[in-house]
Amino acid sequence: MSYVHLDGAAEPATGGISKIFAPESTPAKSIFDLSLFALTITGIILTVVFTLLVYSITKFRAKSANADREPAHV
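Residues numbered from 1 in each chain as written. Predicted model: local features only at pLDDT ≥ 70, side-chain atom pairs only at ≥ 80, totals over all residues. Heavy atoms only, no water.

Asker: When you look at the overall build of the protein in this model, what are you seeing that I'm missing?
Answerer: Scanning the protein from N- to C-terminus turns up one helix and two strands. In the protein, the order of α-helices and β-strands from amino to carboxyl end is β-β-α. When each of the 74 residues of the protein is scored for burial, the buried share is 0%. (Helix = DSSP H or I, 4+ residues; strand = E, 2+ residues; numbered from the N terminus. Buried < 20%, exposed > 50% of the residue type's maximum accessible area, 1.4 Å probe, protein only.)

Here's what the structure looks like:
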């Protein structure tokens, strides 16, 4: 619900800026919970990918001792 001023501008019923981290209706709470779940899953995926990236970079980096050698032919 919103209030309408005489000049036609609408104002939210909460009296200010809407709060995205404080949902007030039932559908908003379920959407917020679902978005937190999706954010958690993507955070876990990001952590796994970043860990594998750091592992690959440190394990397979070029070493100065092998600079003049060719890799093994498989």
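From this point on, the discussion continues.
Asker: Explanation requested: a nonpolar patch on the surface in the structure shown.
Answerer: Nonpolar side chains collect at one region of the surface, where Leu-34, Phe-37, Ile-41, Ile-44, Ile-45, Val-48, Val-49 and Leu-52 lie side by side and expose about 780 Å² of accessible area between them. Tracing the sequence through the fold places Ile-44 in helix H1 (residues 26-59). (Patch = residues over 30% accessible without salt bridge, like charges linked within 9 Å, V, L, I, M, F, W, Y side chains within 5 Å. Areas by Shrake-Rupley, 256 points an atom, 1.4 Å probe, with all protein chains shown as cover. Salt bridge = Lys/Arg side-chain N within 4 Å of Asp/Glu carboxyl O.)

Asker: Hey, could you run me through the confidence of the model for the protein in this one?
Answerer: A low pLDDT score tells you not to read the predicted coordinates there in detail. For the protein, per-residue confidence averages 79 on the pLDDT scale, and residues scoring 70 or more make up 74% of the total. Put simply, strand S2 (residues 10-12) is where the protein has its lowest mean pLDDT, 52, and H1 is where it has its highest, 93. (pLDDT = per-residue confidence, 0-100.)

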